[in-house]
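Spelled out, the chains give:
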Amino acid sequence: MTVKAIQKNWVVGPFQCNCRLIVCEETGEAALIDPGDEAEKILRNLEGVKTSSGVPLKLRYLLHTHGHLDHVGASRKVRESRGEGPKISMHRGDEPLYLQLIEQGRLFGLKYDQPLPIDEYLEDTQEIRVGRLLLSVLHTPGHSPGSVCIRMHEDSEGGVLETVFSGDTLFQGSVGRTDLWGGDQDQMFKSIRQRLLVLDGDTRICPGHGPDTTVGTEKLKNPFLI
Ligand SMILES: [Zn+2]
Ligand SMILES: [Zn+2]
């Protein structure tokens, strides 16, 4: 029996954050990764997502790769508007940053509401079930203390298909900045080399901004890593 995911990417807000939706085709259970801005657009888009089996969408999680404003800005509105009460999930290391969303916004001249409390702390190696989809958490500090990457393990014709939602830690041809609150460059490069580049070369990387890539491509071509 193969387990397949519906995947959507909606680019939101002035920082063009990739807000990702993953849905278990079979059960309709779903998780949003980084609902960073434009709550109305996200909510409208969610209404339009249909599973092939016709089961309705059940949004279970709002997973955050980290606590920066451009990745958390729509969480409150989405959480409050969806009757399922999706869990706000994040690594404990970024909780202080997340709770200072209003102050983060002020530095960029942007307005936010006070964020809701975190419902569940993401821990390194933690497994998360979204219907029949299996996700797991990699704690990859550096861009921020509580940055995580979310792995998704999906069956495909040739075996297991691996996808990593890499937040602002690894991009196509680039890496995260470390000059913001609690950033640490050495730690980030350690996270990238020890937790991401060790994955299979075919592993798809879906960053928090910009186009998708693969582990193999970044190993060969990313100027910050070669
Ligand atoms: Zn960031
Ligand atoms: Zn970002």
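I will try to describe carefully the structure that is included in this document. (Residues numbered from 1 in each chain as written. Chains lettered and ligands numbered in written order. Predicted model: local features only at pLDDT ≥ 70, side-chain atom pairs only at ≥ 80, totals over all residues. Heavy atoms only, no water.)

Some thoughts on a nonpolar patch on the surface
Now for step 1: Taken together, the side chains of Phe15, Leu107 and Phe108 present a nonpolar region at the surface, about 290 Å² in accessible area.
Now for step 2: Looking at the element boundaries, Phe15 is found in the loop between β1 (5–12) and β2 (17–24).
Now for step 3: Classification of Phe15 by relative accessible area gives partly exposed; the value is 30%. (Patch = residues over 30% accessible without salt bridge, like charges linked within 9 Å, V, L, I, M, F, W, Y side chains within 5 Å. Areas by Shrake-Rupley, 256 points an atom, 1.4 Å probe, with all protein chains shown as cover. Salt bridge = Lys/Arg side-chain N within 4 Å of Asp/Glu carboxyl O. Helix = DSSP H or I, 4+ residues; strand = E, 2+ residues; numbered from the N terminus. Buried < 20%, exposed > 50% of the residue type's maximum accessible area, 1.4 Å probe, protein only.)

Examining the coordination of the zinc ion (ligand 1)
Now for step 1: Coordination of the zinc ion (ligand 1) by the protein comes from His66 (NE2), His68 (ND1), His143 (NE2) and Asp168 (OD), over a distance range of 2.1 to 2.4 Å.
Now for step 2: Note that the zinc ion (ligand 1) binds four donor atoms; their angles at the metal cover 90 to 167°, and the shape is irregular.
Now for step 3: Coordination of the zinc ion (ligand 1) draws on donor residues from a single chain, spaced H-x1-H-x74-H-x24-D in sequence.
Now for step 4: Here the zinc ion (ligand 1) and the zinc ion (ligand 2) are spaced 3.6 Å apart, linked through Asp168, which binds each one. (Donors = N, O, S within 2.8 Å, 3.2 Å for Na, K, Ca; no water. Tetrahedral: all angles 85-135°; square planar, octahedral: opposite > 155°, others 65-115°.)

Observations concerning the packing of aromatic side chains
Now for step 1: Inspection of every chain in the model, using the stated rule, returns one aromatic pair.
Now for step 2: Centre to centre, the rings of Phe15 and Phe108 are 5.3 Å apart; their planes meet at 90°, and the pair counts as edge-to-face. One end of the pair, Phe15, is in the loop between β1 and β2; the other, Phe108, is in the loop between α5 (101–107) and β6 (120–122), and 93 residues separate them in sequence.
Now for step 3: Under the relative-accessibility criterion, Phe108 is labelled partly exposed at 37%.
Now for step 4: In this arrangement the basic side chain of Arg92 is found over the ring face of Tyr121, its NZ or CZ atom lying 3.9 Å from the centre. (Phe/Tyr/Trp six-rings, centres within 6.5 Å; stacked < 30°, edge-to-face > 60°. Lys NZ or Arg CZ within 6 Å of the ring centre and 35° of its normal.)

What to know about the coordination of the zinc ion (ligand 2)
Now for step 1: Coordination of the zinc ion (ligand 2) by the protein comes from Asp70 (OD), His71 (NE2), Asp168 (OD) and His209 (NE2), over a distance range of 2.1 to 2.2 Å.
Now for step 2: Geometry at the zinc ion (ligand 2) is irregular, judged from its four donor atoms and the angles of 90 to 151° they form at the metal.
Now for step 3: Sequence spacing among the residues donating to the zinc ion (ligand 2) works out to D-H-x96-D-x40-H.
Now for step 4: A residue is classified by how much of its surface remains accessible, and Asp168, at 5% relative accessible area, is buried.

Some words on the layout of surface pockets
Now for step 1: Space inside the largest pocket adds up to approximately 230 Å³.
Now for step 2: Every element with two or more residues in the lining of the largest pocket is listed here: α1 (39–47) and α3 (75–81).
Now for step 3: If one sorts the elements of the lining of the largest pocket by residue count, α3 sits on top with three residues.
Now for step 4: The residue inventory of the lining of the largest pocket, partitioned by class, reads eight nonpolar, two polar and eight charged.
Now for step 5: Roughly 170 Å³ of volume is contained in the second largest pocket.
Now for step 6: Taken together, the residues that form the lining of the second largest pocket break down as five nonpolar, three polar and three charged. (1 Å grid on protein atoms, 1.4 Å probe; cavity = no way out; pocket = protein on both sides within 12 Å on 5 of 7 lines; lining within 4 Å. Points joined across faces, edges and corners; volume = space filled by probe spheres on them. Nonpolar A, V, L, I, M, F, W, Y, C, P; charged D, E, K, R; others polar.)

Details of the nonpolar core
Now for step 1: Residues Trp10, Leu21, Leu32, Ile42, Leu46, Leu59 and Val78 are the most contacted members of the largest nonpolar core, which totals 28 residues.
Now for step 2: Of all the secondary structure elements, the ones that give two or more residues to this core are β1, β2, β3 (29–33), α1, β4 (58–63), α2 (69–72) and β5 (87–91).
Now for step 3: Non-local contacts of Trp10, meaning those with residues more than four positions away in its chain, are made with Cys17, Asn18, Cys19, Leu21, Leu32, Ile42, Asn45, Leu46 and Val49.
Now for step 4: The next biggest cluster of nonpolar side chains, apart from the first, holds 19 residues, and it includes Tyr61, Leu133, Leu135 and Met152. (Core = buried A, V, L, I, M, F, W, Y, C linked by side-chain atoms within 4.5 Å. Contact = heavy atoms within 4.5 Å.)

Some thoughts on the sheet that holds β1
Now for step 1: Here we have six strands laid out as an open sheet, ordered β1-β2-β3-β4-β5-β6, and mixed in their pairing. Among the strands making up the open sheet, the edge pair consists of β1 and β6. Put simply, the sheet's adjacent strands are angled 25° from each other on average, direction ignored.
Now for step 2: The pairing of β3 with β4 spans five bridges and is classified as parallel. Pairing of Leu32 across the sheet is with Leu62, part of β4.
Now for step 3: Sheet strands in contact with α1 are β1, β2, β3 and β4, and its direction is about 155° off that of β1. (Pairing = 2+ DSSP bridges. Axes fitted to C-alpha atoms, helices over the stretch in contact; angles between N-to-C directions.)

Focus on unusual backbone geometry
Now for step 1: A positive phi angle is found at Asp34, which is not glycine, with a value near 60°.
Now for step 2: Counting through the fold element by element, Asp34 comes out in the loop between β3 and α1.
Now for step 3: For Asp34, a relative accessible area of 2% gives the class buried.

Comments concerning helix α6 (residues 185–196)
Now for step 1: The end-to-end C-alpha distance of α6 is 16 Å, a good match for the 16 Å that twelve residues give at a rise of 1.5 Å each.
Now for step 2: Along α6, the positions that sit buried rather than exposed are Met188, Ser191, Ile192 and Leu196. The arc that holds the buried residues of α6, viewed along the axis, is 95°, so those residues lie on one side.
Now for step 3: Two or three places before Asp186, at the start of α6, stands the capping residue Asp184, its side-chain oxygen 3.2 Å from that residue's backbone nitrogen. (Expected span 1.5 Å × (residues − 1). Arc of directions from axis to C-beta. Polar contact = N/O pair within 3.5 Å; in protein donor to acceptor, adjacent residues only side chain to side chain.)

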